[in-house]
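Okay, here's what each chain looks like letter by letter:
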Amino acid sequence: MPTTTLRIPTPDGQADAFAAFPEGGERHPGVLLYPDAFGIRPVLREMARELAGHGYYVLVPNFLYRHGPAPVIELPEHIGEEIRPAVIGQLMPLIEAHTTERILRDADAYLRFLTTRPEVGAGPVGVIGYCIGAALAMRTATAHPGQVAAVAGFHPGFLVTDAPDSPHRLVPGLTAHAHIGLAEGDMSPEAIGELNQALDAAGVGYTTEIYPGTVHGFTMADTDAFSPSALRRHWDRLLPLLDRALAGG
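Residues numbered from 1 in each chain as written. Predicted model: local features only at pLDDT ≥ 70, side-chain atom pairs only at ≥ 80, totals over all residues. Heavy atoms only, no water.

1. Considerations on the overall build of the chain
Broken down by element type, the chain carries seven helices and eight strands. Computed over its C-alpha atoms, the radius of gyration of the chain comes to 17 Å, within 12% of the 18 Å expected for a compact globule of 249 residues. Structurally, the chain occupies a C-alpha span of about 45 × 45 × 35 Å along its principal axes. Relative to its full complement of 249 residues, the chain shows a buried share of 55%. Pairs at least 24 residues apart make up 75% of the contacts formed inside the chain by residues separated by at least 6 positions. Summing over all exposed atoms, the chain offers an accessible surface of approximately 10,300 Å²; the carbon and sulfur share of this is 52%. Taking the average place of the 17 positive charges on the side chains of the chain and the average place of its 28 negative ones, the gap between the two points comes to 6 Å. (Helix = DSSP H or I, 4+ residues; strand = E, 2+ residues; numbered from the N terminus. Rg over C-alpha atoms; globule rule 2.2 N^0.38 Å. Buried < 20%, exposed > 50% of the residue type's maximum accessible area, 1.4 Å probe, protein only. Contact = heavy atoms within 4.5 Å. Areas by Shrake-Rupley, 256 points an atom, 1.4 Å probe, with all protein chains shown as cover. Lys, Arg positive; Asp, Glu negative; His and termini not counted. Charge placed at Lys NZ, Arg CZ, Asp CG, Glu CD.)

2. Points about the packing of aromatic side chains
Counting across every chain of the model gives four aromatic pairs. Taking NZ or CZ as reference, Arg45 lies 5.7 Å from the ring centre of Phe18, over its face. (Phe/Tyr/Trp six-rings, centres within 6.5 Å; stacked < 30°, edge-to-face > 60°. Lys NZ or Arg CZ within 6 Å of the ring centre and 35° of its normal.)

3. Some details on the UniProt feature "domain: Dienelactone hydrolase" (unreviewed entry) in the chain
With numbering aligned to this structure, UniProt lists the feature "domain: Dienelactone hydrolase" (unreviewed entry) at residues 16-244. Annotated as 38% helix and 17% strand, the span residues 16-244 places its first and last C-alpha atoms 30 Å apart. (UniProt positions renumbered as here; feature names shortened; annotations may be inferred.)

4. Some thoughts on the side chain of Thr140
Assignment of secondary structure puts Thr140 in helix α4 (residues 132-143). In terms of polar contacts, Thr140 uses its side chain to reach the side chain of Tyr34, at 2.7 Å. Those residues in contact with Thr140 that lie beyond four places of it in its chain are Leu32, Tyr34, Ala107, Leu111, Val127 and Val148. (Polar contact = N/O pair within 3.5 Å; in protein donor to acceptor, adjacent residues only side chain to side chain.)

5. A short note on the pairing of strand β3 (residues 30-34)
The side chains of a regular strand alternate between the sheet's two faces. Counting buried positions over the five residues of β3 gives five, a clear majority of the element. Residues of β3 alternate between two faces, with Gly30, Leu32 and Tyr34 on one and Val31 and Leu33 on the opposite face, all of them buried. Two strands pair when backbone bridges link them, and β3 and strand β4 (residues 57-61) are joined in this way by three bridges, in the parallel orientation. Counterpart to Gly30 in the pairing with β4 is Tyr57. Taking the sense of rotation as the criterion, the β-α-β connection linking β3, helix α1 (residues 42-52) and β4 turns out right-handed. Pairing of β3 with strand β5 (residues 125-130) involves four bridges; the strand directions are parallel. Note on β5: the bridge partner recorded for Leu33 is Ile128. (Pairing = 2+ DSSP bridges. Right-handed = clockwise from strand over helix to strand, strands pointing away.)

6. Quick look at helix α2 (residues 84-96)
An ideal rise of 1.5 Å per residue puts 18 Å on 13 residues; α2 measures up with 18 Å between its terminal C-alpha atoms. Taken as a whole, α2 carries its principal kink of about 30° at Gln90; the proline Pro93 stands between one and four residues after it. Buried residues of α2: Arg84, Val87, Leu91, Leu94 and Ile95, and no others. Residues of α2 that are buried in the fold lie against α4. (Expected span 1.5 Å × (residues − 1). Bend = angle between axes of the 7 residues up to and from the residue.)

7. Details of the environment of Gly181
Within the secondary structure, Gly181 sits in strand β7 (residues 177-182). Note on Gly181: relative accessible area 0%, which makes it buried. Separated by 27 residues in the primary sequence, Gly181 and Phe154 place their C-alpha atoms 4.6 Å from one another. Other than its neighbours up to four places away in sequence, Gly181 contacts Gly153, Phe154, His155, Pro156, Glu209, Tyr211 and Phe218.

As structure tokens, this is what we get:
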């Protein structure tokens with residue numbers, strides 16, 4: 001599976017990124033994949049390669065590039081529960097500095113870069129994200145309704161908040177088909193209800209689902225949260241979503 005490291009020009013500099021795509025020189029639908037808070041690392045590269053094996057060009061940007069190349073902080077090989085609070089404590093100031101304005105500027109640059117790659121076909125793209133990446137994916141999809149045909153978020157963070165510009169408040173403008181895969185403690189029933197109400201108002205095809213027996217971070221094999229069965233369920237939901245939305249891409 002061909003892979004490459006890239007630098008994406010943005011209004012604020014250059015974002016380092018990783019891409020995986022099928023062999024053969026053909027053009028394929030593009031997918032923008034936002035990582036979780038821990039960023040680009042071996043497990044994200046492996047997930048991108050697996051998705052690329054199903055016929056997609058997958059671009060994974062370091063959305064915290066303003067603070068340095070990935071990994072922006074030193075990460076252990078395995079992010080266990082005993083070290084997770086300290087790692088998150090280092091990352092949270094960087095995440096909090098990643099304002100909505102920055103997110104949207106970067107999303108424009110990422111999509112422009114993705115859609116001009118010679119390996120990417122004309123047509124709509126998909127955007128997916130994990131943890132905070134789910135919120136970035138939703139912001140990207142709602143800001144680019146004519147371009148993003150599928151959006152998915154897994155064990156999301158910051159998707160439903162009290163902020164006036166909370167991602168869920170922008171969902172009524174969504175045109176993409178959507179799937180949100182939740183860990184059991186990710187969102188309250190009230191927050192899930194608010195999200196579903198917004199998705200209903202958008203009039204798009206969508207599913208929100210609580211994956212049984214999971215905790216936040218269930219797709220990530222380098223954490224204690226990892227659930228092999230939930231990762232399989234994630235692929236079982238994601239691949240048909242992308243196939244339906246991007247088949248003509």
